[in-house]
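The primary structure of each chain is shown beneath.
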Amino acid sequence: MRIVVIGGTGLIGAKVVARLGAEGHEAIAASPGNGVDSVTGQGLDAALAGADAVVDVTNAPAWGDGEVLRFFTTSTGNLLAAARKAGVRQHVVVSIVGADRLPGSGYLRAKVAQEQLVKESGVPYTIVRATQFFEFIAGIAASSTTGTEVRIAPAKFQPVAADDVAALVAEVATGPAANGTVQVAGPEVFEFPEIVARALEGDPRTVVADPAAGYFGAALPDDGLVPAPGTARLGAIDYATWAARR
């Protein structure tokens, strides 16, 4: 199959491209760096010509409420138009578990708007909702630090390895469109402050459970970021294994 990965040089995109290539598919890593810009539309028609599927793993360069909404709606609108024109069999987009449960977050509202555009487009699609990646826990800690304290909302957290997300995205992209949503999460459920503290072992900062801390600007309910039991594909890599490899 010929599969175009928009955002194919990023964390998930590069792994998807590598996995598809190893399986014998023609995987195209498309990004502004090689002349394909989903926001302006530059290069999209040429990139998608003859493609069987397109995978969208783009992310917004700025996260202000208005900026992130404009990015995802503009980029997705352009991608869907190009996919329709090219007659692709499937449009795959990566989103976030719990996005619709945290309406106070401008970023997650933008992801929900993106999902809605895909659902209403008429292009066969699969939405892959993933929990947060192990790779981003340190970044969450950094953005939650005030002085020597890392303030984290006490809620359930079920992070997943980027490799496991990429594996599911590649599997979905080479199969039939679900015209629905599939979810992927890590094999373990943690308390959010607990896993952040583990990630910061040896760091002088102190992790503090703070109900007011929120997440992406929104109040975080206890189960806001985890899939309902039995509704998600579970990754094969647990946190200890991932951390040991790092």
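What counts, and at which threshold
- Residues numbered from 1 in each chain as written.
- Predicted model: local features only at pLDDT ≥ 70, side-chain atom pairs only at ≥ 80, totals over all residues.
- Heavy atoms only, no water.
- Helix = DSSP H or I, 4+ residues; strand = E, 2+ residues; numbered from the N terminus.
- Expected span 1.5 Å × (residues − 1).
- Buried < 20%, exposed > 50% of the residue type's maximum accessible area, 1.4 Å probe, protein only.
- Arc of directions from axis to C-beta.
- Contact = heavy atoms within 4.5 Å.

Engineer: Go over helix 6 (residues 162-173) with me, naming the residues and quoting the values.
Structural biologist: Its 12 residues place the ends of helix 6 16 Å apart at the C-alpha level, agreeing with the 16 Å of an ideal helix rising 1.5 Å per residue. Among the 12 residues of helix 6, nine are classified as buried, and the element is accordingly described as predominantly covered. All of the buried residues in helix 6 are Ala162, Asp164, Val165, Ala166, Leu168, Val169, Ala170, Val172 and Ala173.

Engineer: Account for unusual backbone geometry, with residues named and values stated.
Structural biologist: Positioned with a positive phi, asparagine 179 is a non-glycine residue whose angle comes to about 50°. Structurally, asparagine 179 is set in the loop between helix 6 and strand 9 (180-185).

Engineer: Help me get a handle on helix 3 (residues 65-86), residues and values and all.
Structural biologist: In a regular helix each residue adds 1.5 Å, so 22 residues correspond to 32 Å; helix 3 covers 32 Å between its end C-alpha atoms and thus fits that length. Within the sequence span of helix 3, burial applies to Val68, Phe71, Phe72, Ser75, Thr76, Leu79, Leu80, Ala82 and Ala83. When helix 3 is viewed along its axis, its buried side chains cluster within an angular range of 165° and face the same direction. Exposed residues pointing more than 90 degrees away from the buried face of helix 3 are listed as Arg70 and Lys85. Those residues of helix 3 that are buried lie in contact with strand 1 (2-6), helix 2 (44-48), strand 3 (53-56), strand 4 (90-96) and helix 4 (106-120). Following helix 3 by one or two positions, glycine 87 has its phi on the positive side, about 70°.

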